[in-house]
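Chain residues, written in single-letter form:
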Amino acid sequence: MKMKLRKPVLFLLLVTVFAPIVLYTDTLGTYFTSPSSSRTEFIEDLSTFTFGGDVRPLNVLPQESSTSLKEPRGDVYSENSNHSLSNAPDTLSSEDARKTRQLTEESMKHQTATGSSNDGVEVAMNGSHISQVTDNLHEPQQTDKTSPKLVSAGKNESIAMETSSKKKTSPTDSNQTLDSTKTETRHDQRTVQTSGKVVSGETARGKDEERNAQIVPPDARVRQLKDQLIRAKVYLSLSATRSNPHFIRELRLRIKEVLRALGEATKDSDLSRSANEKLKAMEQTLAKGKQIQDDCATIVKKLRAMLHSAEEQLRVHKKQTLYLTHLTAKTLPKGLHCLPLRLSTEYFKLNSSQQHFPHQENLENPKLYHYALFSDNILAAAVVVNSTVSHAKDPSKHVFHIVTDRLNFAAMRMWFLANPPKYATVDVQNVEEFTWLNSSYSPVLKQLNSQSMIDYYFRSRADSDPNVKFRNPKYLSIMNHLRFYLPEIFPKLDKVLFLDDDIVVQKDLSGLWSLDLKGKVIGVVETCGESFHRFDRYLNFSNPLISKNFDPRACGWAFGMNIIDLNEWRRQNITEVYHSWQNRNHERQLWKLGTLPPGLITFWKRTYALDRSWHVLGLGYNPNVSQKDIQRAAVIHYNGNLKPWLEISIPKFRDYWSKFVDYDQAFLRECNINKLGGS
């Protein structure tokens with residue numbers, strides 16, 4: 001009886017001891033290897049396996065060294081579904097290929113040895129082990145354009161493992177299938193999470209690459225070619241390189257080639273196809289120059305000298321540009337010179353009865369809307385009148401008082417006789433007829449007639465004074481200073497709206513006469529939104545007479561569209577205030593010439609601020625004036641040198657002015673005055 005019990009006990013003992021050895025060695029695994037297992041699509045590292053949530057070492061298997069595999073990065077790569085990862089050595093080194101094949105064989109053996117019951121564990125292991133094995137693929141693939149694409153460890157891997165599991169699982173073993181399915185479900189959840197991280201990482205890298213691509217400027221090669229030219233000029237001027245005639249000849253040849261390739265290009269797409277070759281050839285030549293002259297201190301010294309020379313040339317060119325711009329602004333175009341001559345000829349052909357304007361009884365009616373316009377530019381004055389009348393609600397109530405000089409008096413009258421504004425009243429006066437305006441009464445007129453003032457404007461060296469804009473001969477004309485004599489010019493009027501001849505009216509202005517100026521003399525639009533439109537920009541605050549009486553940070557304002565209370569002017573004796581300050585500035589120590597500085601002084605604390613929408617400035621010098629501001633403005637002002645009747649005007653602002661000119665008018669056609677190009 002004991003012998004019978006001993007044999008089963010020994011048998012069970014043997015089974016208990018040797019069964020694990022048989023199961024976990026690769027001795028018997030080869031006999032159960034299925035041919036279909038060669039089609040497995042995943043590579044596993046079997047140095048560890050997961051069971052019950054713990055990671056345990058397989059001590060029976062030979063262990064890989066800790067340096068053979070890198071830390072997994074979470075990036076999973078997949079081959080085409082028709083190819084196994086056994087094809088991966090195309091992009092690997094021989095050592096990586098050997099490790100991959102070894103791990104593939106071990107995976108196949110382990111799958112066969114453990115049977116279908118371990119399939120769920122194998123699936124659970126794939127999420128971590130695949131990334132470890134394929135991590136070796138990561139670095140080579142960064143530079144190989146034919147490498148497999150980065151994909152998420154998601155559906156493809158799960159489907160492949162499910163297919164493999166079904167082939168090795170017995171159809172009758174429902175419990176094992178259920179366990180495997182549960183394990184696969186858990187794996188799917190983990191792989192989906194891993195997939196999200198991988199895709200997120202790839203998206204971030206894609207955005208970084210796009211951002212880096214955007215940083216590259218479109219003129220990178222153009223800049224590089226220009227830099228090469230600068231370096232070439234440096235080597236041409238160094239004594240060490242000039243002593244090498246062969247190098248100098250080669251360098252000059254390269255300079256010509258680069259200049260030819262560069263041409264007028266402003267961006268890389270404008271360059272010719274040969275530009276890259278010229279760039280490389282020049283770089284090689286410059287490398288030779290560096291070998292000949294490698295003294296950095298000498299090169300830096302030369303570059304500094306070149307920089308100083310370039311800055312000096314830039315300063316000179318800016319000054320010349322400024323002078324030429326002012327000269328162009330002062331020059332009368334041929335057509336505008338022809339027009340007054342043609343009109344004057346026609347005016348003197350009229351008999352005396354035809355030379356008078358209708359509605360002269362309105363000129364002294366204080367209940368009407370009166371405008372003061374002082375100009376010698378016929379076409380500009382016509383635009384002011386036409387634009388105002390076209391937007392007036394009741395044109396018959398608007399009266400235009402135009403004052404011009406003797407040369408343009410006949411022409412100005414002829415224009416408005418031939419082109420009378422609809423229903424409005426117009427009168428043209430000659431400034432020479434203001435007999436009360438003489439040098440004994442007006443200090444500014446006395447200054448303008450002085451020899452020193454004439455010499456200042458007409459001396460030969462045009463660039464001797466940095467303030468070129470203040471040397472405009474228009475300041476020699478009393479026409480520019482008539483705005484300070486409005487009560488004398490219109491003795492029977494209560495209010496008048498002063499307009500410059502370089503403005504365009506876009507809305508009805510009759511509401512300005514009903515404004516309550518609250519005891520102030522003049523209504524103005526302030527321009528202190530920018531720092532250079534404050535008092536210290538126009539007045540000399542180093543003079544104690546200015547610094548004691550005015551605030552340097554006080555807000556400036558603009559002439560051009562100003563409603564003026566003539567009764568308040570007379571009460572505060574503003575003309576006398578103007579004369580007193582002009583007498584103090586006879587040597588131009590308080591301000592330079594012009595009308596705005598004396599206006600700021602004369603009307604100090606006597607201005608009423610109008611809403612900015614009444615008067616928008618800058619169309620004669622600032623191309624960045626907002627279109628929104630222009631559209632809502634009652635008056636737009638082309639202050640500056642870029643007048644709308646000149647070719648140097650800002651193109652996008654021309655149409656606001658030119659639409660009030662009838663270019664089909666006979667006198668304009670005869671003088672060949674045509675519309676300039678618009679925006």
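Residues numbered from 1 in each chain as written. Predicted model: local features only at pLDDT ≥ 70, side-chain atom pairs only at ≥ 80, totals over all residues. Heavy atoms only, no water.

**Q** Pulling in residues and values, what's your account of the environment of Lys393?
**A** With respect to the secondary-structure elements, Lys393 resides in the loop between helix H12 (378-391) and strand S6 (398-404). Given a relative accessible area of 75%, Lys393 falls into the exposed group. Along the chain, Lys393 and Asp508 lie 115 residues apart, while their C-alpha atoms are 6.4 Å from each other. (Helix = DSSP H or I, 4+ residues; strand = E, 2+ residues; numbered from the N terminus. Buried < 20%, exposed > 50% of the residue type's maximum accessible area, 1.4 Å probe, protein only.)

**Q** Please provide a residue-by-residue account of the state of the cysteines, values included.
**A** According to the stated counting rule, one finds two disulfides in the structure shown. Residue pairing for Cys338: its cysteine sulfur links by disulfide to Cys671, the two sulfurs lying 2.2 Å apart. The S-S bond linking Cys338 to Cys671 shows a torsion near -70 degrees; that makes this disulfide left-handed. Highlighted residues: Cys338 in helix H11 (residues 334-347) and Cys671 in the segment after helix H24 (666-670), separated in sequence by 333 residues. Judged by its relative accessible area of 7%, Cys671 falls in the buried class. Here Cys528 connects covalently by a disulfide to Cys555, the sulfurs 2.0 Å from one another. Between Cys528 and Cys555, the disulfide has an S-S torsion of -90 degrees and is therefore left-handed. (Disulfide = S-S within 2.5 Å.)

**Q** Can you lay out the packing of helix H8 (residues 245-262) against helix H9 (residues 275-292) for me, pointing to particular residues and giving the numbers?
**A** What describes two packed helices is the angle between their axes and the distance between those same axes. Packing of H8 against H9 brings their axes to within 9 Å, and their N-to-C directions diverge by 150 degrees. By the angle between their directions, the pair H8 and H9 is classed as roughly antiparallel. Read as a crossing pair, H8 and H9 show a hand that is left-handed. Here Phe247, Glu250, Leu251, Arg254, Ile255, Glu257, Val258 and Ala261 of H8 come into contact with H9, specifically with Ala275, Lys278, Ala281, Met282, Thr285, Leu286, Lys288, Gly289 and Ile292. Among the residues making up the contact of H8 with H9, the classes are represented as ten nonpolar, two polar and five charged. (Axes fitted to C-alpha atoms, helices over the stretch in contact; angles between N-to-C directions. Parallel < 35°, antiparallel > 145°, perpendicular 65-115°, else oblique. Left-handed = near helix turned anticlockwise from the far one by under 90°. Contact = heavy atoms within 4.5 Å. Nonpolar A, V, L, I, M, F, W, Y, C, P; charged D, E, K, R; others polar.)

**Q** Describe the pattern of salt bridges, with residues and values.
**A** If you walk through the whole model with that rule in mind, you get 14 salt bridges. Salt-bridge contacts for Arg231 lead to Glu283; the nearest nitrogen and oxygen are separated by 3.2 Å. A residue pair is termed long-range when its members are at least 10 positions apart, and Arg231 in helix H6 (residues 220-237) and Glu283 in helix H9 qualify at 52 residues. Taking relative accessible area as the criterion, Glu283 reaches 31% and is therefore assigned partly exposed. Of the charged contacts in the structure, one is a salt bridge between Arg483 and Asp500, with a shortest N-O distance of 3.6 Å. Linking Arg483 in the loop between helix H15 (451-458) and helix H16 (486-489) with Asp500 in the loop between strand S8 (495-499) and strand S9 (503-505), this pair joins segments that are 17 residues apart in sequence. (Salt bridge = Lys/Arg side-chain N within 4 Å of Asp/Glu carboxyl O.)

**Q** Any details on the packing of aromatic side chains? Residues and values, ideally.
**A** A complete count under the given rule lists 23 aromatic pairs for this structure. Following the ring pairs from residue to residue traces out a cluster consisting of Phe374, Phe434, Trp436, Tyr441, Phe484, Tyr485, Phe498, Trp557, Phe559, Trp569, Tyr578 and Phe603. Over the ring of Phe559 we find Arg483, and its NZ or CZ is 4.9 Å from the ring centre. A cation sits over an aromatic face here: Arg584 above Trp581, 4.6 Å from the ring centre. (Phe/Tyr/Trp six-rings, centres within 6.5 Å; stacked < 30°, edge-to-face > 60°. Lys NZ or Arg CZ within 6 Å of the ring centre and 35° of its normal.)

**Q** Break down the pairing of strand S5 (residues 369-374) for me, citing the residues and quoting the values.
**A** Within S5, five of the six residues are buried, which leaves it mostly tucked inside the rest of the structure. Judged from the six bridges that link them, S5 and S6 form a sheet pairing that is parallel. Bridge pairing in S6 places Ala372 opposite His401. Handedness of the crossover is the feature at issue here: the chain leaves S5, passes through H12, returns alongside S6, and the resulting connection is right-handed. In this structure, S5 lies alongside S8, joined through three bridges in parallel fashion. Considered in S8, the bridge of Ala372 is made with Phe498. (Pairing = 2+ DSSP bridges. Right-handed = clockwise from strand over helix to strand, strands pointing away.)

**Q** Tell me about the sheet that holds strand S7 (residues 425-430), and please be specific about residues and values.
**A** Here we have seven strands laid out as an open sheet, ordered S7-S6-S5-S8-S11-S10-S12, and mixed in their pairing. Strands with a single pairing partner mark the edges of an open sheet, and in this sheet they are S7 and strand S12 (607-609). In this sheet, adjacent strand axes meet at a mean angle of 25 degrees when their direction is disregarded. Against the sheet, helix H13 (residues 406-418) engages S6 and S7, with an angle of about 165 degrees to S7.

**Q** Can you break down the side chain of Thr285 residue by residue, with the values?
**A** Checked against the element boundaries, Thr285 lands in helix H9. Contact partners of Thr285, with chain neighbours within four places excluded, come to Phe247, Glu250, Leu251 and Arg254.

**Q** Provide a residue-level description of a nonpolar patch on the surface, including the pertinent values.
**A** Among the surface-exposed residues, Leu10, Leu13, Leu14, Val17, Phe18 and Ile21 lie close enough to one another that they form a single nonpolar patch of about 560 Å² accessible area. Tracing the backbone shows Leu13 in helix H1 (residues 2-23). (Patch = residues over 30% accessible without salt bridge, like charges linked within 9 Å, V, L, I, M, F, W, Y side chains within 5 Å. Areas by Shrake-Rupley, 256 points an atom, 1.4 Å probe, with all protein chains shown as cover.)

**Q** Lay out the environment of Leu545 with the relevant residues and their values.
**A** By the secondary structure assignment, Leu545 is in helix H18 (residues 544-547). Linking Leu545 and Gln589, residues 44 residues apart in sequence, is a C-alpha distance of 9.9 Å. Beyond its immediate sequence surroundings of up to four residues, Leu545 is in contact with Trp581, Arg584 and Leu590.

**Q** Give me the sheet that holds S9: which residues, what numbers.
**A** One open sheet holds the three strands; their spatial order is S9-S14-S13, and the pairing between them is mixed. The outermost strands of the open sheet, each flanked by one partner alone, are S9 and strand S13 (615-616). Sheet analysis places S13 next to strand S14 (residues 635-637), joined by two bridges and oriented parallel. Its bridge partner being in S14, Val616 is matched across the sheet by Ile636.

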